Structures are given as C-alpha cells and as structure tokens.
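As a plain string of letters, each chain reads:
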Amino acid sequence: MVESWSLESKILIKYCFVNISNHSNFTEFVYTSSMSEPKITQINVPPGFIDLGMGNPDFDLLPMELLHQSAEAYFTTSDPRYLQYGVEQGDGYFCRALANFLTTAYGTRVDPDLLFVTAGASSALDLLCTLYTLPGDMIFVEEPSYFLALRIFEDHGLRVVPIPMDDEGLQFDALEEKLAEFRPKFVYIIPAFQNPSGRTLSQARREKLVERAQRYNFLVVADEAYQFLHYTQTPPGSFASFAGDVEQVISVNSFSKILAPGLRLGWIQAHSTVIKRLAGSGLLESGGGMNPYISALVRGLIESGELVKNIANLRMEYARRLNVMNAALRQHLPTAVYTLPQGGFFFWVHLPGVDATELRRKAQGFKVDLRQGALFSSQMGMQDYVRLSFCFYGPEAIEEGIKRLRDCLGK
Ligand SMILES: Cc1ncc(COP(=O)(O)O)c(C=O)c1O
C-alpha cells in the first residue's frame, strides 16, 4: 500500500512542519512547528515541499541496522569503561582502528597518536577557534564558503577575509595579494568537493599553500568532510599527509557524511604539538575525551569492514542521484550554468541575471526550496548562484523539485 502513495504524500508524512520566518543575519529561512510536537531533527521542510537546498543525508541512507548490531555487540561485552569519562585525546582503540582505516584510504601510514577525536567537524572548528584565536583576529576563507562555518567564526568575533576561487580552488594570486597585506591566524578551506561550489583544490596549490603557511606561520585548517565521497574523480591526497611533519596543517574530518550526523563524531589529524594542545584544553580536561561510547560503536563498524562498505554504497547511490539532477537540470533549466560535481553533495548553479534570494522567496509558492548563493558569501556576493543538493532526496523527488524550480523561474 505504501508503494502506491504519491510522492507528495510520502514527503508530507516524512516531514510535517509549517510556517516560514526569517532569522539571523545569514537570512536563512526557518520553519517552525505549529503542531506543538517536540522536534528531533534540524530538518524543517513543510508538508509537500521538496527542499533541494538541504545539505543533510537522506533518512533512508542512515545506517540504523549497522548501529543496532554494533550497539548489541558492545553491550554483550559488559565493558563499562566507555560509559566513563574518556581519555582526553579520544579512545586509543578507536584511534588505532581509525588510523588503520585512514592508512588504507589514504595509501600512506597514519599514526594513531596524531589523531584527536571530536564531536564532528563543527566542534573541531569551534575548539580550534577557541585555542588559536582571539576576538578581532583575522582569518582567510574561500569565497564562497560553508555558511555555518562562517557562523562559528562569527561567534568567535573573527574578521573574515574572502579569497576568490576558480576551478582549481582557492585563487593563488588573490591569496598572495592578501598575504602581502595581512597575516591571518588561519586559512579555512574545504579542499575536496567544496560546500557549496563542489570544487577541489589542485595538488599544486595545496603544496604552495602549505609552503606559504610555513613561511608566514599561519594555520591551514582543512575541512575534509567530503574527501571520501568521490564519484567520478578521486581528489588529491588529504591535507593529513602534511600534518605529521608540518605544525601549521590541521586536517578536520567527520563521520557525519559517511555514516550519520547524529553520531556527532569526527576527528582531527595534526602535528603532535597541536594534538597536545587540543587534548590539554579545559574543555577536554573537564569533560574527558569526546563521545567515548559512540566511538566504541563506530570502532566496531570500522573493524568489521562495514564503514568501508557503507561508503561504497553511498558513493554508488549519490553518483546515481547526481546523474539524475544533472539530466533534470539539462532538460528543465537549460540556461543554468554549472560545472558537473565529481563528488560531495552539491551543484553550484549560476543563474545569470536571477536574484537567488528573491527566487527562493518565490519558490515557496511552488513548494520547492534551495539555498541562495549569498548565504555562502562572507560579503553578500554570489547573488545569482544557488546551491542544490542531490543527496537528501531520491531520483523521483530530485526530478520533481527541478521541474518546480523551472515553473517558478518561468513565472
Ligand atoms: C564543509 C562542512 N564542514 C562541516 C560540516 C558539519 O560537519 P559536522 O556534522 O561534522 O559538524 C558540514 C556539513 O554540512 C560541511 O559541509
């Protein structure tokens, strides 16, 4: 019976929230529940809407069964230590398992002593800001950049200098110009399949960036949340490969996109001096290492090979959805300009002459949503860009969403 339900009613049953308001200086739309039902997720999609802007994984791809098995296995061990305050750097057995996984994935040996467990990439960025910056300090970011990282930097009172990008990532001439003027505390980059642009920083620019970081003594904070989600082209090696030798390079990663965001689990790979500083922070001394219980469950999935299988499944499914979105865009929005993403979650679509903030407002009437480019700009640029995700919905909803966007643009 469920099979015969319409797409709309399935979406309606899955996400039932209403009302639209506007908040924060990032002008993100927020829908609030009118049914006074307690909320569980951050997802706020009104009934019947298709939110193509959504950067979350699809509910149907979250590994319920795997975590069930792993939790069951954990509780049969009767080992209470993972319910105790954990060692500050993160559980040593988990770090060993993670190092083995990364050694295979990167093709170079990863030392477990250079890993630090976090509660996800966001928590890593927040902790790095706490330890390495003071309010008023300057940092460089890509233009565009992940808008919620910009929110974290705002919380820390940092001054953000945007560096434009091209198809090879951060534009090096522009970076050099800014370096002649300023000394940033760090440069924040998303080097593989960037959110939102989908671009990947070339190997040559990675090497030059690391050289400049050493020369001018600033940190490179590489947020590598999409490193493992490649579909048609593998990205250059992770910034982690520099981290053992170069004090200035910090690789941040997360299980949010390769397992589940609700786990709140990620890691930093960095030089031993950085790892010591992180583990010695007040937050870690007081609260102990992050998420010992969840890391025990994820260790089970790494050791059993299920993490690798899960990533392979996600890559296959997301590649399929990427093709569906590409075909739908070509058919229904032929004026859209974009570079086909090779990995990650997003299409970064240029709609010349269209005010994307206005388009988003109008799209509400067509029950479709997107993220306007200006959200990802630290200087309110990118006005005629939109970010569309191909990962939250299956093929049918992706196609329907693009048709609605076509109808909206046509009116
Ligand atoms: C580039 C980037 N960094 C960080 C995050 C958030 O990661 P986490 O869930 O690990 O905090 C996201 C999520 O969309 C992201 O795209």
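What you are looking at is a predicted structure, and each value in this text was computed from that prediction instead of being measured.

Okay, the sheet that holds strand β14 (residues 371–372) next. The strand order across the open sheet formed by three strands is β12-β15-β14, and the pairing between neighbours is antiparallel. Each end of this open sheet is capped by a strand with a single partner; those strands are β12 (346–350) and β14. Its contacts with the sheet place helix α12 (residues 306–332) against β12 and β15 (385–389), and it is angled at close to 20 degrees to β12.

With that out of the way, let us pick up unusual backbone geometry. Of note, the amide linkage connecting E143 to P144 takes the cis form, showing an omega dihedral of 5 degrees. Tracing the sequence through the fold places P144 in the loop between β5 (138–143) and α5 (147–155). Along the chain, N195 connects to P196 via a cis peptide bond; the corresponding omega equals 15 degrees. When you line up the elements, P196 lands in the loop between β8 (186–189) and α7 (203–216). At R264, a residue that is not glycine, the phi angle is positive and equals roughly 50 degrees. Within the secondary structure, R264 is located in the loop between β10 (249–254) and β11 (266–270). Given a relative accessible area of 33%, R264 falls into the partly exposed group. For N291, which is not a glycine, the phi torsion comes out positive at approximately 50 degrees.

Thresholds applied
Residues numbered from 1 in each chain as written. Predicted model: local features only at pLDDT ≥ 70, side-chain atom pairs only at ≥ 80, totals over all residues. Heavy atoms only, no water. Pairing = 2+ DSSP bridges. Helix = DSSP H or I, 4+ residues; strand = E, 2+ residues; numbered from the N terminus. Contact = heavy atoms within 4.5 Å. Axes fitted to C-alpha atoms, helices over the stretch in contact; angles between N-to-C directions. Buried < 20%, exposed > 50% of the residue type's maximum accessible area, 1.4 Å probe, protein only.

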